[in-house]
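# Chains, contacts and geometry: an overview
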Amino acid sequence: MSRTDAPPLPEPLRVPVADSHTHLDMQDGTVEEGLARAAAVNVTAVVQVGCDLKGSRWAAETAAAHPSVHAAVALHPNEAPRIVHGDPAGWSREEAREPGGKAALDEALAEIDALAALAHVRAVGETGLDYFRTGPEGIAAQEESFRAHIEIAKRHGKALVIHDREAHEDVLRILAEAGAPERTVFHCYSGDAEMARICAAAGYFMSFAGNVTFKNAQPLRDALAVAPAELVLVETDAPFLTPAPYRGRPNAPYLIPVTLRAMAEVRGVDEDTLAAAVYDNTARAFDF
């Protein structure tokens, strides 16, 4: 079995569940194939997340065409500095770009605002801060973009989906300063148990991905153990973060049962109880 081969279908869940964060546009096969595999294991809804204008348009179109798909639209935190300062290496899917300055960022945010108004777009995200991939020169653009996304989410009454990588304190500070939307989701939750208590006190949802199964992820499992049951979500972030024992192979929504079963073990509950709670939480978070 090659590292590039898709993992096998896990045993289906008995209770339906939703994948709160996936990137179908980055996965192999058609949308229909991906949704059919997910449905075969009782993953009956997915939130398709945009990371740039092209991906956000695609998310909105795909949600309009498929009742089980709900869209989130945004400029990823690493996308904002690329728009402002340019992307000479062409690291992102948009290829090499010239610097566009604040005007280009404002123009891109205006399109996200227009997409966020659509009924089948359920969330604004993933937005936030990423200090892992963007250096100090990009932080101002990230913060400006993040604050704009918070306002867009509030203006349209949509959920806010947070990308927080090595930026916990600043993300929490900006949410407090700007006033978080009523429904705020920490995608691929990466904090510890202490941060989970802070998020819980603020009513933020915490979505756990396949990395909760990794050997070195004890702080994540500690956070999962203390997170209130009504604020816990599950996601793939596919094609990334494939759960053990398939780490390194392509991820997809049909692998949600692997992560959910590991989460149930951490929380000391049976998988049916957790699946039911997670589905209800996801439907409440994304208003579907």
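Owing to the predicted nature of the structure, the values given are computational and were not obtained by experimental measurement.

### Concerning the nonpolar core
Core analysis: the largest hydrophobic core is formed by 82 residues, its most contacted members being Val 17, Phe 146, Leu 175, Phe 186, Tyr 189, Phe 208 and Phe 286. In terms of residue count, the dominant contributor to this core is helix H4 (residues 101–116) (6 residues).

### Looking at the pattern of salt bridges
Where side chains of opposite charge bring their charged atoms close, a pairing between them can arise. With the rule as written, the count across this model stands at 14 salt bridges. Here Glu 79 and Arg 82 are joined by a salt bridge, their closest N and O atoms 3.7 Å apart. Within this pair, Glu 79 and its partner Arg 82 are both found in helix H3 (residues 79–85), separated by 3 residues, close to a single helical turn. Judged by its relative accessible area of 3%, Glu 79 is buried. One salt bridge in this structure joins Glu 144 and Lys 102, with 3.2 Å as the shortest N-O distance. Residue Glu 144 is found in helix H5 (residues 139–156), and its partner Lys 102 is found in helix H4; the two are separated by 42 residues along the sequence. Lys 102 gets classed as partly exposed once you look at its relative accessible area, which sits at 48%. Members of the salt-bridge network, linked through shared partners, are Glu 143, Arg 147, Asp 170, Arg 173 and Glu 177.

### Section: the confidence of the model for the protein chain
When pLDDT is averaged along the protein chain, the result is 96, and 97% of the positions lie at 70 or above. Mean pLDDT in the protein chain bottoms out at H3, which sits at 94, and peaks at strand E8 (residues 232–234), which reaches 99.

### Some details on the environment of His 120
With respect to the helices and strands, His 120 occurs in the loop between H4 and strand E4 (121–130). Placed 56 residues apart in sequence, His 120 and Ala 64 show a C-alpha to C-alpha distance of 6.1 Å. Sequence-distant contacts of His 120, defined by excluding residues within four places in its chain, comprise Ala 60, Ala 63, Ala 64, His 70 and Ala 71.

So, how was this worked out
Residues numbered from 1 in each chain as written. Predicted model: local features only at pLDDT ≥ 70, side-chain atom pairs only at ≥ 80, totals over all residues. Heavy atoms only, no water. Core = buried A, V, L, I, M, F, W, Y, C linked by side-chain atoms within 4.5 Å. Buried < 20%, exposed > 50% of the residue type's maximum accessible area, 1.4 Å probe, protein only. Helix = DSSP H or I, 4+ residues; strand = E, 2+ residues; numbered from the N terminus. Salt bridge = Lys/Arg side-chain N within 4 Å of Asp/Glu carboxyl O. pLDDT = per-residue confidence, 0-100. Contact = heavy atoms within 4.5 Å.

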